Amino acid sequence: MSARIVVIGAGMAAHRLVDSLVTRAEDRLEITVLGDEARRPYDRVGLTRFFDGETAEDLTLPATIFADPRVTLHEDDPATAIDTGARTVTTASGTVHAYDHLVLATGSVAARPPVEGAELPGSFVYRALADVEDLRRHVQERAAALDRPVRGVVVGGGLLGLEAAGALRGMDAEATVLQSSDRLMSAQLDLPAGAVLRRLIEARGIAVRTEARTTALRPGPDGAVESVLLRDGDEVPADLVVLTVGVRPRDELARAAGLSCEERGGVRIDAACTTSDPRIHAIGEVAAFDGQCVGLVAPGYAMAEVVCDRILGGDATFDGYDLSTKLKLSGVDVASFGDAFATTPGALDVVYTDPVSGVHKKLVLSDDAKTLLGGMLVGDASAYGSLRPLVGGALGADPAVHLLPAGAGSAPTPELPDEAIVCSCSSVSAGTIRHAVREQGCTDAAEVTACTKAGATCGSCTVMVKSLVTGELAKLGKAVSTGLCEHFDLSRRQLFDAVHVSGLDTFSAVIERFGRGRGCDVCKPVLASILAVLVPEGHVLEGENATLQDTNDHVMANLQKDGTYSVVPRMPGGEVTPEGLITVGEVARDFGLYTKITGGQRVDMFGARLEQLPLIWQRLVDAGFESGHAYGKSLRTVKSCVGSAWCRYGVMDSTGMAVTLELRYRGLRAPHKFKLGVSGCARECAEARGKDAGIIATAQGWNLYVGGNGGATPRHAELLAEGLDDDTLIRTLDRYFMYYIRTADKLQRTAPWLEALDGGIDGLRAVILEDSLGLAADLDAAMARHVAGYRDEWAETLADPAKLARFRSFVNAPATPDPGLAHVPERGQIRPARPEERGSDSVLIAGTTLEVRR
Amino acid sequence: MTTTLTTPTLAPQLAANWERLCPLADLEVERGRAALLGDEQVALFLLPGGDVRAVDNHDPYSGANVISRGIVGSRGGRPTVASPMYKQVFDLRSGTCVDTRGKEVRRLRVWPVRTLEGDLYVLRGGAR
Ligand code: SRM
Ligand SMILES: Cc1cc2nc3c(=O)[nH]c(=O)nc-3n(C[C@H](O)[C@H](O)[C@H](O)COP(=O)(O)OP(=O)(O)OC[C@H]3O[C@@H](n4cnc5c(N)ncnc54)[C@H](O)[C@@H]3O)c2cc1C
Ligand code: SF4
Ligand code: FES
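Computed from a prediction, not measured in an experiment: that's the story for all the values here. (Residues numbered from 1 in each chain as written. Chains lettered and ligands numbered in written order. Predicted model: local features only at pLDDT ≥ 70, side-chain atom pairs only at ≥ 80, totals over all residues. Heavy atoms only, no water.)

## Structural notes on the site of ligand 1
All names here are of chain A.
Move 1: Near ligand 1, the surroundings consist of 19 residues, among which Q560, G599, K673, K691 and G710 are the closest.
Move 2: In this structure, an oxygen atom belonging to ligand 1 sits 2.9 Å away from a side-chain N or O atom of S566.
Move 3: One nitrogen or oxygen atom from the side chain of T598 is found 2.7 Å from an oxygen atom belonging to ligand 1.
Move 4: Residues of the shell around ligand 1, tallied by class, amount to one nonpolar, 11 polar and seven charged. (Near = heavy atom within 4 Å. Polar contact = N/O pair within 3.5 Å; in protein donor to acceptor, adjacent residues only side chain to side chain. Nonpolar A, V, L, I, M, F, W, Y, C, P; charged D, E, K, R; others polar.)

See the structure below:
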């Protein structure tokens, strides 16, 4: 069979229809799509993301279907007439297209209210990309011309109006929403829910006026809109107006062609989505089923599937509308689903309201309180994803538990039945998602979305999709994705290899090649660490790398609870000269720092402010100290005991070896911090077996233990090799650490790494002592490069004025201390004031004074 | 959103509501800077496309003034900053916390920003 299909309208429903046709049809088809916008079909539901920085290009729906030879898209050439007798469509350009099947997918037009001034310059509707482009341009122009924020007024307080108001706020404009009825979102919410929503919207800096009926838009001297006049006589000043008062189905072609239409608008269709002409279907917002048109995408998609099936000879039917909606305004949670207004006879409702935290939830139940009929969720819509699929089915538990705040009580997540619809935009059931994991090999939520379209449209079901996918993978005994984060699908180990092999040396280059987006607080530090190992000659804060570091690495100090930092100079092996101690004491005294001996055998000075760090370090560097890397995922300390030099039992020079090792591995970046210990005899005073590498002297030489850990999950290090001489010990340690650095997961210390390693300690021994992988030379070379490339980060920073700029406390007041700091005395030193102590007499330091009296 | 003003004569008028902070050139891409406005602190961020965003420097979860020192990144296409203290992640456009680390949602105030002749201004008092 060969069929000529003409689709009028190139919007969302049309796109879905063509997508399904080209996917399902094996026959010869000729599909012609006529659009009156000068662009490919785009995601209208996501229109507001345009103001979040997404471009028109980003919003375009997948365009591959237009590459199919069976499909022709005529952009910017609207249909102007249908001849049902000749079965042709004529377009504005005069082209005539003959059809076997005609599909109307013309959507709706945004209505302008019938009031004076509704067409004035500066008044906008909110429907198409062209509208939001115009709106943004106008706001920018007004912002440039005014010396105050632009005032925007939105007429209409429904879903669209609130989205538009959010978009105005995103452009730094003021926003006032005028709603003619007594509450926001009156089509979805009842009065109490609307009142809670109003407070949430106002908290976002959006002004709301209810019972505000617009009677005219007034022009200013330049002819553009200047104010909105209300029926009660009030005049609201406006630099621009967005009209979101409803839509009208674009049924004019159908009417002219004599198709049966609803009085209030919309082309009548039956359950087969066929109009009064059997050759003509209608789908999407223009179609009126059961006397009603609906402005949601999900029913349009469902109709598209029905029409596709019918054209291909099937007998699918459209079963009616699901009116569930969720507001996509970031930070405001609102959802309404099923029979939210309890119109079913005998329906009961259960309501939970917490006006203080702005939460209102209502569930509508059947008269026996067993079946869920619908609900409204305001302020916390986290239950939307799990409740909506249950509509029409048994709730399975006391309804109250679904309404309590997250965390309170144990809201059961009943195992969803396979037929429950999880994604209503694309009508995807729980069973389809499970099938995608089980039979189609999808291994994460993103793949399931690509494969089933669940979650691809409004996104409100993504949490539910993800939890189904995870649950299903777990049932299959499959590991859940090891990707670092949403920006990288690679694990740390894979990424290390990828960077190593590609030779790339900047974050931008790596993410462009192996990832996506701009990175985050998870992947950026991981990459900083990888680059630091692979390119040890570069300063960790060189160029773009500086932006990868969290504040500790960025300012080379440890952040404390009040926003000040601690300073830890390196004292290799725990050794420090009297002069060194005196310098440390003087610095601590002069800057008023709290001083403490750490668990790592060195001195920590707390309470240093950002702008003080270079001053403090200048004094420390001048006295011969260097960075102790207490802030880095890198070598911390090599703990030592005093050993054979002084101790009457010591058999080898444990302190000397500890100093050698600390100087060798200082500054080496790793997946997590690592520590060593060296004891001079089996009494183990350095607690070496609690460290990532523990070295214990014996009469035969050094014994090396690896994979120890203190901390949350203590583990004693295991014996790797015995009786080593100095050089063999160092070579073995070099390979052990480099192998760990290359292969461990992010934030994995050596203890869990060793436990997960193939073959455990024997496997490790084979790799680094017997060179079973042929890696040893590579590992040795990498460590040699680190040792040669080491330079003190603090000395280099002090010598570079550009790097010092980051220590300015404020960009407009470079040396002013954070006025929010407050310290109190304790045991002769300072500590941060607790909230209840602030403002009391005991507060010593509110930023500017340094002196602490004993 | 940064609006570039073209009429230099507006400068004196700007002074009424807008506070000049620093040359735009003082900001580094994707590295925050704090600015002081009387008793209040603003965290400024220059994004890769040249957009400047300003939010509270005060971290509502830890109570410390540290937001300017967090890692800048993106979540699902939105520019974000992660507090360096307890790692909550905030949307730089709306100030909303998008990863609360199990805490209740709190938000940062957003401060309107504009540039004029290479200088950066914020609206006093932030967004109302
Ligand atoms: C300062 C110090 C406590 C003290 O006053 O003695 C300390 C302080 C901190 N430790 Fe520690 N640890 C200190 C010795 C230790 C030790 C003892 C040791 O090194 O011999 C251990 C157990 C040994 C071990 O690491 O296995 C230790 C196990 C931890 C852990 C748990 C690690 C684990 O594998 O479970 C953490 C948490 C982490 O790193 O994720 C931690 C994290 C921290 C952090 C970074 C917590 C934080 O994020 O703020 C603290 C910041 C230090 C700062 O601001 O300067 N600290 N910490 C010690 C600094 C030693 C040094 O000179 O560098
Ligand atoms: C800002 C915004 C947010 C929204 N948010 C949601 C949401 O969260 N959830 C939800 O379910 N829905 C939402 N919607 C509604 C959703 O976008 C629509 O329901 C959906 O796009 C309808 O699809 P459609 O194909 O019927 O119409 P449209 O997508 O409007 O497509 C119709 C197309 O036909 C073209 N056309 C009209 N007449 C002709 C002609 N004579 N010749 C050629 N072409 C013609 C039009 O120009 C248009 O391109 C939102 C809408 C907007 C504007
Ligand atoms: S380990 Fe024991 S023997 Fe060795 S030095 Fe320390 S105390 Fe002395
Ligand atoms: S419900 Fe909208 S994308 Fe799934």
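## Examining helix α15 (residues 523–534) of chain A
Move 1: The end-to-end C-alpha separation of α15 of chain A is 16 Å, in line with the 16 Å expected for 12 residues at 1.5 Å each.
Move 2: Among all positions of α15 of chain A, only C523, K524, V526, L527, A528, S529, I530, L531, A532, V533 and L534 of chain A are buried.
Move 3: If you follow the buried residues of α15 of chain A, they end up packed against α13 (492–502), α14 (507–514), α20 (726–743) and α23 (776–789) of chain A together with β6 (71–75) of chain B. (Helix = DSSP H or I, 4+ residues; strand = E, 2+ residues; numbered from the N terminus. Expected span 1.5 Å × (residues − 1). Buried < 20%, exposed > 50% of the residue type's maximum accessible area, 1.4 Å probe, protein only. Contact = heavy atoms within 4.5 Å.)

## Focus: the site of ligand 3
Move 1: Close to ligand 3 lie C641, G643, C647, Y649, G650, G680, C681, R683 and C685 of chain A.
Move 2: Taken together, the residues of the shell around ligand 3 sort by class into five nonpolar, three polar and one charged.

## Digging into the interface of chain B and chain A
How big an interface is tends to be expressed through the accessible area that disappears when the partners come together.
Move 1: Each partner contributes residues to the interface: chain B has 48 residues there, and chain A has 53 residues.
Move 2: Between chain B and chain A lies a buried interface of about 4,300 Å² when both sides are counted; carbon and sulfur atoms form 48% of it.
Move 3: D550 of chain A is paired through a salt bridge with K87 of chain B; the nearest N and O atoms lie 2.5 Å apart.
Move 4: For the pair chain B and chain A, the number of links is 19 residue pairs in polar contact (both at pLDDT 80 or more).
Move 5: For the side of chain B that touches chain A, the secondary structure elements donating two or more residues are α1 (11–17), β2 (18–23), β3 (33–37), β4 (40–46), β6, β7 (78–82) and β11 (113–116) of chain B.
Move 6: With five residues, the single largest contributor to the side of chain B that touches chain A is β6 of chain B. (Buried area = accessible area lost by both parts, 1.4 Å probe. Salt bridge = Lys/Arg side-chain N within 4 Å of Asp/Glu carboxyl O.)

## Brief notes about helix α5 (residues 191–203) of chain A
All names here are of chain A.
Move 1: The end-to-end C-alpha distance of α5 is 19 Å, a good match for the 18 Å that 13 residues give at a rise of 1.5 Å each.
Move 2: Here α5 has its buried residues at A193, G194, V196, L197, L200 and I201. On an axial view of α5, the arc spanned by its buried residues comes to 160°, and they lie on one face.
Move 3: Buried residues along α5 sit against α4 (159–170), β12 (206–209), β22 (334–338), β24 (359–365) and β25 (372–378).
Move 4: Of the residues flanking the start of α5, the one acting as N-cap is D190, its side-chain oxygen 3.1 Å from the backbone nitrogen of A193.
Move 5: Note on α5: the residue one or two positions beyond its end, G205, has a positive phi of about 80°. (Arc of directions from axis to C-beta.)

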